[in-house]
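# A look at the structure
Single-letter residue listing:
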Amino acid sequence: MHTLAMPDADVVYVPQFVKQTEATAFFEQLYCSLPWSQDDIYLFGKRTKIPRLQVWYGDKDARYIYSGLLMQPKPWTPLLLALKARCESKCQARFNSVLANLYRDGQDSMGMHADDEIELGNQPVIASITLGAERQFIFKHKNTKQKVALLLKHGSLLIMRGLTQSYWQHGMNKTKRVHTPRINLTFRYINRKSVER
Ligand SMILES: O=C(O)CCC(=O)C(=O)O
Ligand SMILES: [Mn+2]
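Remember, it's a predicted structure, so these values are computed and weren't measured experimentally. (Residues numbered from 1 in each chain as written. Chains lettered and ligands numbered in written order. Predicted model: local features only at pLDDT ≥ 70, side-chain atom pairs only at ≥ 80, totals over all residues. Heavy atoms only, no water.)

## Thoughts on the nonpolar core
Counting residues in hydrophobic clusters, the biggest one holds 32 residues, and the most contacted among them are Ile129, Leu131, Leu185 and Phe187. Of all the elements in the fold, those that place two or more residues in this core are strand S2 (10-14), helix H1 (20-33), strand S5 (53-58), helix H2 (78-91), strand S8 (97-103), strand S10 (126-132), strand S13 (157-161) and strand S15 (182-188). In contact with Leu185, other than residues within four places in its own chain, are Leu30, Leu80, Leu83, Val98, Leu99, Ala100, Ala127, Ser128, Ile129 and Leu131. Judged by nonpolar contacts, the second largest core, of 16 residues, contains Leu4, Met6, Val148 and Leu150. (Core = buried A, V, L, I, M, F, W, Y, C linked by side-chain atoms within 4.5 Å. Buried < 20%, exposed > 50% of the residue type's maximum accessible area, 1.4 Å probe, protein only. Helix = DSSP H or I, 4+ residues; strand = E, 2+ residues; numbered from the N terminus. Contact = heavy atoms within 4.5 Å.)

Spelled out as structure tokens, the structure:
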């Protein structure tokens, strides 16, 4: 477990958060059983398909607007609840939802963004588990444009908290080198009040 040397941020990386054999079993279970879908987003007024598959789980009231999409959470599965509990104890924080992302291969990606929506509140704690293929995760400072790259390993946990979302964007580029799928589970806490405005 180590803290990344990044100014204006609090990012912790735990390479072996889930044991390798367990991580492989979790990957297979989630890959086969989650109802993955390729949602649309609205980018500059145009409707396009996101370059990955997603599915959203959480408490009933944890609704969330994500890139112009109203995400209605599906009810927790036992495995996702168990992983949530593990993240909560590691982070000493509560979560009420998880966005599961499936990158089918290196052609799937995540554009640079910050998880800075109002519903996430000030200085959100975000716990992000990687299962399957290793992919390069990129941070870019909003002002200085400094870049930090981090290889996210099978079974790893990345914790972003403090000022991280205020000062940094993050994302994942396409790559020709990866031909196998990666699942990412991003646990968050959605503030109910701000969604109901
Ligand atoms: O796939 C990842 O590691 C990052 C996912 C992410 O940033 C998000 O869902 O907001
Ligand atoms: Mn994000």
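Resuming the write-up.
## Notes on H1
Relative to the 20 Å expected for 14 residues at 1.5 Å per residue, H1 spans 20 Å between its end C-alpha atoms, a close match to the ideal helical length. Three or more residues of H1 are buried, namely Ala23, Phe26, Phe27 and Leu30. Mapping the buried residues of H1 onto a view down its axis gives an arc of 105 degrees, with all of them on the same face. Pointing more than 90 degrees away from the buried face of H1 are the exposed residues Thr21 and Cys32. (Expected span 1.5 Å × (residues − 1). Arc of directions from axis to C-beta.)

## Brief notes about the sheet that holds S2
Strand pairs in the sheet, formed through backbone hydrogen bonds, run parallel or antiparallel to each other. The strand order S1-S2-S13-S10-S15-S8-S5 describes an open sheet built from seven strands, whose pairing is antiparallel. In this open sheet, the two edge strands, each paired with only one partner strand, are strand S1 (2-3) and S5. Note: S10 against S13, four bridges, orientation antiparallel. Paired with Ile126 across the bridge in S13 is Met160. Packed onto the sheet, H2 meets S2, S5, S8, S10, S13 and S15 and runs at close to 60 degrees relative to S15. (Pairing = 2+ DSSP bridges. Axes fitted to C-alpha atoms, helices over the stretch in contact; angles between N-to-C directions.)

## Notes on the coordination of the manganese ion (ligand 2)
At the metal site, the manganese ion (ligand 2) is ligated by His113 (NE2), Asp115 (OD), Asp115 (OD) and His170 (NE2), and these contacts range over 2.1 to 2.8 Å. Classification of the site at the manganese ion (ligand 2) as irregular follows from its six donor atoms and the range of 50 to 162 degrees in their angles at the metal. (Donors = N, O, S within 2.8 Å, 3.2 Å for Na, K, Ca; no water. Tetrahedral: all angles 85-135°; square planar, octahedral: opposite > 155°, others 65-115°.)

## Description of the packing of aromatic side chains
Two measures describe an aromatic ring pair: the distance that separates the ring centres and the angle between the ring planes. One pass over the structure, following the stated rule, counts four aromatic pairs. Each ring, one from Phe137 and one from Phe139, has its centre 5.1 Å from the other, and the planes form 80 degrees; the classification is edge-to-face. Both rings, one in Phe139 and one in Trp168, keep their centres 6.4 Å apart while their planes meet at 85 degrees; by these two values the pair is edge-to-face. With a gap of 29 residues between them, Phe139 in strand S11 (residues 135-141) and Trp168 in strand S14 (residues 168-172) connect regions that are remote in the sequence. Assigned by exposure class, Phe139 and Trp168 land together as buried. Among the aromatic residues, those joined into a ring-pair cluster are Phe137, Phe139 and Trp168. The ring of Trp76 carries Lys84 above its face, with NZ or CZ at 5.5 Å from the centroid. (Phe/Tyr/Trp six-rings, centres within 6.5 Å; stacked < 30°, edge-to-face > 60°. Lys NZ or Arg CZ within 6 Å of the ring centre and 35° of its normal.)

## Digging into the site of ligand 1
Close to ligand 1 lie 15 residues; Asn101, Tyr103, His170, Arg182 and Arg188 are nearest. In this structure, an oxygen atom belonging to ligand 1 sits 3.2 Å away from a side-chain N or O atom of Asn184. For ligand 1, whose accessible area on its own is 300 Å², the fraction buried by protein is 99%. Within the residue set of the shell around ligand 1, elements represented by two or more residues are S8, strand S9 (110-113), S14 and S15. Looking at the shell around ligand 1 element by element, the count peaks at four residues for S15. Tallied by class, the residues present in the shell around ligand 1 amount to seven nonpolar, five polar and three charged. (Near = heavy atom within 4 Å. Polar contact = N/O pair within 3.5 Å; in protein donor to acceptor, adjacent residues only side chain to side chain. Areas by Shrake-Rupley, 256 points an atom, 1.4 Å probe, with all protein chains shown as cover. Nonpolar A, V, L, I, M, F, W, Y, C, P; charged D, E, K, R; others polar.)

All quantities given are derived from atomic positions and should not be read as evidence of function.
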